[in-house]
Amino acid sequence: MLVKFLGLIDLIAGVILIFGSYFNFPIQIPLLLGSILILKSTLGFLNNFASWVDFLSGIIILSSIIIQIPSLISLIHGILIIQKGIFSFL
């Protein structure tokens, strides 16, 4: 059950990474999701690729609050984290 909940967080974060530049989200949503992704990456102790995807995506989401991130970087990380979220439901 926990894996599916964390996968849902991955899917939501991926959608925000891909479509975040088109919508104006309240600052609390990216702040919360970025923090959750960084905390989730500490579960894997940054030993595997999935933990690094969580960590870097969290950093990108948090950075996008302050600065504008290039859309290609957000798209790549959004696809990676959505793929990770889909595989958690399998």
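Placed above this text is the structure.
Residues numbered from 1 in each chain as written. Predicted model: local features only at pLDDT ≥ 70, side-chain atom pairs only at ≥ 80, totals over all residues. Heavy atoms only, no water.

With a phi close to 55°, Phe45 is a non-glycine residue in the positive phi region. Position of Phe45 among the secondary structure elements: in the loop between helix H2 (28-41) and helix H3 (49-66). When its relative accessible area of 64% is taken as the criterion, Phe45 is described as exposed. Notably, Leu46 is not glycine yet its phi reads approximately 55°, a positive angle. Along the polypeptide, Leu46 turns up in the loop between H2 and H3. (Helix = DSSP H or I, 4+ residues; strand = E, 2+ residues; numbered from the N terminus. Buried < 20%, exposed > 50% of the residue type's maximum accessible area, 1.4 Å probe, protein only.)

Relative to the helices and strands, Ser51 resides in helix H3. Judged by its relative accessible area of 5%, Ser51 is buried. In this structure, Ser51 is in contact with Ser41, Gly44, Phe45 and Leu46, ignoring residues within four places of it in sequence. (Contact = heavy atoms within 4.5 Å.)

The next point concerns a nonpolar patch on the surface. There is a patch of nonpolar side chains on the surface, built from Val15, Phe19, Tyr22, Phe23, Phe25 and Ile29 and spanning about 600 Å² of accessible area. Of note, Tyr22 is situated in the loop between helix H1 (2-19) and H2. (Patch = residues over 30% accessible without salt bridge, like charges linked within 9 Å, V, L, I, M, F, W, Y side chains within 5 Å. Areas by Shrake-Rupley, 256 points an atom, 1.4 Å probe, with all protein chains shown as cover. Salt bridge = Lys/Arg side-chain N within 4 Å of Asp/Glu carboxyl O.)

With that settled, the discussion passes to the environment of Ile69. As for its placement among the helices and strands, Ile69 is situated in the loop between H3 and helix H4 (71-89). Taking the C-alpha atoms as reference points, Ile69 and Leu37, separated by 32 residues in sequence, lie 17 Å from one another. Every residue in contact with Ile69, bar those within four places of it in the chain, is listed here: Ile60, Ser63, Ser64 and Ser74.

Let's shift gears to the packing of H3 against H4. At a closest axis distance of 10 Å, the pairing of H3 and H4 adopts a crossing angle of 135°. By the angle class used here, H3 and H4 are oblique. Between H3 and H4 the crossing geometry is left-handed. Facing H3, whose interface residues are Phe49, Ala50, Val53, Asp54, Leu56, Ser57 and Ile60, H4 presents Ile73, Ser74, His77, Leu80, Ile81 and Lys84. (Axes fitted to C-alpha atoms, helices over the stretch in contact; angles between N-to-C directions. Parallel < 35°, antiparallel > 145°, perpendicular 65-115°, else oblique. Left-handed = near helix turned anticlockwise from the far one by under 90°.)

Time to look at the nonpolar core. The biggest cluster of nonpolar side chains holds eight residues, and these are Ala13, Leu17, Leu37, Val53, Ile60, Ile61, Ile69 and Ile81. Among the secondary structure elements, those contributing two or more residues to this core are H1 and H3. Of the residues forming this core, the biggest block, three residues, is contributed by H3. Leave out the neighbours within four places in its chain, and Val53 touches Leu80 and Ile81. (Core = buried A, V, L, I, M, F, W, Y, C linked by side-chain atoms within 4.5 Å.)

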